[in-house]
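Secondary and tertiary structure notes
Here are the chains, one letter per residue:
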Amino acid sequence: MTGIYPMAALTMLIGAACAMAYLATGSNGGRKYWPLLLLGLPLSFLVNRLVKGPLIQAVITSTGVSPSLNADSLLWFALLVLMTAPFFEELVKLLPFVLPVARRHLAQPWSGLWAGLALGMSFGLGEAAYIAYGISQAPEYQSMPSHLFTGYLFERLMVVFLHGFLTAIAAAGLALGWRRAIFNLLVAMGLHALANSGIVLNHLGWIPLAWVQAPLLLAILVAVLYFEHLRRRELAHTPSEDVPEKVYF
Amino acid sequence: MTPIVFKPRPSSGWLTLGGIGFVLLVYSVAILASSISANTGLGFLWPILLMVGIGAVFIFIAAWFPTMRYVLYDDTLELIYGPLLRYKIPLAEIRGMRRRDLRMSLLSSMRLPGLALFEVTYGDVGKVKMCSTAALKGILLIETEHGLYGITPADEEGLVAAVRARTGK
């Protein structure tokens, strides 16, 4: 067994614990969102294997463009690579809302915010497992011990929450009419593209390796601030549930 | 009247704070030692020193944990955390007191499991000046003309009764 699997298990354990704790302490009646943490787990595997991979492969086959991304790559192909994940992943993360167990959380305006957060974090946890599987297939990582994968752990934990915030932003608009739904979805896709842009720009030779994580951190910061803005709107529209209060005077 | 001193409810907040500080210190010293022994140079010294500084601050704050107390004078309630924090609340400005659980916000603040200090933004009630041994659960909120204060006295009923006796509310 390669060392990535114990680190992946630890990542998923910490990520799930943090997700459950934040849903419980941050939202209104938060434990009702816990079951949604299961729904998004297989979606990363499905969208990568059934949609993104075949689509990019089909483009490469039909156009004859080089599959590797480097300074000589065509700009349209770099843009395709950059936008494929944001477009399809942000859509697929909303897919569980077709199920009644998730759909009932869209009953009120803004109520999709926390359900979206749970579904997005669930997708992120599944993606951590899928990426660990990919790493385990690479010969150069076969003999690497677990403790050298701490970079994977920290990056994946950040991305679990980023996926959560992005899906929360997109889902918050679902019960507010199609204009707001499309706007929020485009915001989520744009922030997702920003998060992924560092690695693409580095491959194109436009930014040095040291700056690869900078767009990801910027995307997380903007996503947190926008999520906080939406959370306040949700709070103003949602009656408080089961908050025990003892008023002395 | 003689000032009455109320202690906060016990918590492991000092352990959370000190533990984070200890881990940061040990981690940074280990990186420093390994780079010196491997002779890889000290080009990244400033982030290590920053980590040492943050770790030391955390331990410094944790060391004052036992000094947290609430002192009730004739006309003032003082919330004290060593030399680091001292909120004076004139009793005449107190509009109400209530205990409730608070909702977490992601905005940055000095709020850890078992400890909340200084101004903390919460998801439901907004900004609260905290001096408490809990971050979210069972916070006694003191509503004043100049905002909210959050405390966790061990003898909550006793503190509220003493405040009401002095204010006549």
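Calculation notes
- For every chain, the first residue of the written sequence is number 1, and numbering continues from 1 along that sequence.
- Naming scheme: in the order in which they are written, chains are lettered from A and ligands are numbered from 1.
- Only residues with pLDDT of at least 70 get local features here, since the model is predicted, and only at 80 or more are side-chain atom pairs given and counted; chain-wide, interface and lining totals rely on the full set of residues.
- Heavy atoms from the whole structure form the basis of all side-chain values; hydrogens and water molecules are not counted.
- Starting at the N terminus, helices and strands are each numbered in turn, a helix being any DSSP run of H or I of at least four residues and a strand any DSSP run of E of at least two.
- For the radius of gyration, the atoms used are the C-alpha atoms, and the globule rule reads 2.2 Å times the number of residues raised to 0.38.
- For every residue, the accessible area (1.4 Å probe, protein chains only) is compared with the maximum for its type, and the residue is labelled buried under 20%, exposed over 50%, or partly exposed between those bounds.
- Residues count as neighbours in contact if any of their non-hydrogen atoms are within 4.5 Å of one another.
- Only the protein chains shown count as cover for residues, and the accessible areas themselves come from Shrake-Rupley with a 1.4 Å probe.
- Counted as positive: Lys and Arg. Counted as negative: Asp and Glu, with His and the chain ends omitted from the count.
- Lys charges are placed at NZ, Arg charges at CZ, Asp charges at CG and Glu charges at CD.
- Accessible area that two parts lose when put together, evaluated with a 1.4 Å probe and summed over both, is termed the buried area.
- Here, a salt bridge means any side-chain nitrogen of Lys or Arg that lies within 4 Å of a carboxyl oxygen of Asp or Glu.
- Two N or O atoms form a polar contact when they lie within 3.5 Å of each other; inside protein one atom must be a possible hydrogen donor and the other a possible acceptor, and for residues adjacent in sequence the pair counts only when both atoms belong to side chains.
- Nonpolar residues are Ala, Val, Leu, Ile, Met, Phe, Trp, Tyr, Cys and Pro. Charged residues are Asp, Glu, Lys and Arg, and all others, Gly as well, are polar.
- At least two DSSP bridges between two strands are required for those strands to pair.
- As a per-residue measure, pLDDT reflects the predictor's confidence and takes values from 0 up to 100.
- Here, axes are lines fitted to C-alpha atoms. For helices the fit covers the stretch in contact, and angles between N-to-C directions go from 0 to 180 degrees.
- In what follows, roughly perpendicular refers to angles from 65 to 115 degrees, roughly parallel to angles under 35, roughly antiparallel to angles over 145, and oblique to any angle outside these ranges.
- In this description, a nonpolar core means a group of buried Ala, Val, Leu, Ile, Met, Phe, Trp, Tyr and Cys residues linked to one another through side-chain atoms lying within 4.5 Å.
- Here a helix's expected span is defined as the number of its residues, less one, multiplied by 1.5 Å.

Topic: the overall build of chain B
Within chain B, the regular secondary structure consists of three helices and 10 strands. The linear arrangement of helices and strands in chain B, starting from the amino end, is β-α-α-β-β-β-β-β-β-β-β-β-α. Computed over C-alpha atoms, the radius of gyration of chain B comes to 19 Å, more than 25% over the 15 Å expected from 2.2 N^0.38 for 169 residues, which places it beyond the range of a compact globule. Seen through its C-alpha atoms, chain B measures out along the principal axes to roughly 70 × 35 × 25 Å. Evaluated residue by residue, chain B yields a buried proportion of 45% over its 169 residues. Long-range pairs, those at least 24 residues apart, make up 53% of the contacts in chain B with a sequence separation of at least 6. For chain B, the exposed surface amounts to about 8,200 Å²; the carbon and sulfur share of it is 65%. Positive and negative side-chain charges of chain B, numbering 17 and 12 respectively, have mean locations separated by a distance of 5 Å.

Here we look at the interface of chain B and chain A
At the junction of the two partners, chain B supplies 25 residues and chain A supplies 21 residues. Around 2,000 Å² of area is buried between chain B and chain A when both sides are counted, 57% of it from carbon and sulfur atoms. Taken together, the connections running from chain B to chain A amount to three salt bridges. Notably, a salt bridge pairs Glu245 of chain A with Arg98 of chain B, separated by 3.1 Å at the nearest N-O pair. In this structure, the connection of chain B to chain A is made through 12 residue pairs in polar contact (both at pLDDT 80 or more). Listed by contribution, the elements that provide at least two residues to the side of chain B that touches chain A are β5 (94-100) and α3 (156-167) of chain B. Here the side of chain B that touches chain A takes seven residues from β5 of chain B, the largest share from any one element. Class assignment of the residues belonging to the side of chain B that touches chain A gives a composition of 10 nonpolar, four polar and 11 charged.

Focus: the pairing of β5 of chain B
The buried count for β5 of chain B comes to five of seven residues, which makes it a mostly enclosed element. As paired elements, strand β1 (residues 245-247) of chain A and β5 of chain B share three bridges and run antiparallel to each other. Bridge pairing in β5 of chain B places Lys246 of chain A opposite Arg99 of chain B. Here β5 of chain B pairs with strand β9 (residues 139-144) of chain B via six bridges, running antiparallel. In the strand pairing of β9 of chain B, Arg99 of chain B is matched with Leu140 of chain B.

Some words on the confidence of the model for chain B
Residues of chain B with pLDDT of at least 70 account for 96%, and the chain-wide mean is 90. Predicted complex, confidence summary: ipTM 0.78, pTM 0.81.

Digging into the packing of helix α3 (residues 43-63) of chain A against helix α6 (residues 112-136) of chain A
Residues and elements named next belong to chain A. Between α3 and α6, the least distance of the axes is 7 Å, while the angle of their chain directions is 55°. Taken together, the axes of α3 and α6 are oblique relative to one another. Touching Leu43, Ser44, Phe45, Val47, Asn48 and Arg49 of α3 are Phe123, Gly126, Glu127, Tyr130 and Tyr133, all from α6. Here the contact of α3 with α6 is composed, by residue class, of six nonpolar, three polar and two charged.

Comments concerning the sheet that holds strand β7 (residues 115-122) of chain B
Taking strand neighbours across the sheet as the criterion, the seven strands line up as β1(A)-β5(B)-β9(B)-β10(B)-β8(B)-β7(B)-β6(B) in an open arrangement whose pairing is mixed. Strands at the two margins of the open sheet, each flanked by one partner only, are β1 of chain A together with β6 (111-112) of chain B. Relative to strand β10 (residues 147-151) of chain B, strand β8 (residues 126-132) of chain B runs parallel, the two sharing four bridges. Looking at the pairing, Val128 of chain B lines up with Leu148 of chain B of β10 of chain B.

Topic: the nonpolar core
Formed by 55 residues in total, the largest nonpolar core has its most connected members in Leu23, Phe97, Trp114, Leu117 and Phe227 of chain A together with Tyr122 of chain B. Here this core takes 10 residues from helix α7 (residues 150-172) of chain A, the largest share from any one element. If we skip the residues at most four places from it in the chain, Trp114 of chain A touches Tyr22, Leu23, Gly26, Ser27, Tyr33, Phe227, Arg231 and Glu234 of chain A. Judged by nonpolar contacts, the second largest core, of 32 residues, contains Phe65, Leu79, Leu112 and Ile142 of chain B.

As for helix α1 (residues 13-37) of chain B
All names here are of chain B. For α1, spanning 25 residues, the distance from its first C-alpha to its last is 36 Å, which sits close to the expected 36 Å at 1.5 Å a residue. All of the buried residues in α1 are Gly13, Leu17, Gly18, Gly21, Ser28 and Ser35. The inward-facing, buried residues of α1 abut α2 (45-63), β3 (76-81), β6 and β7.

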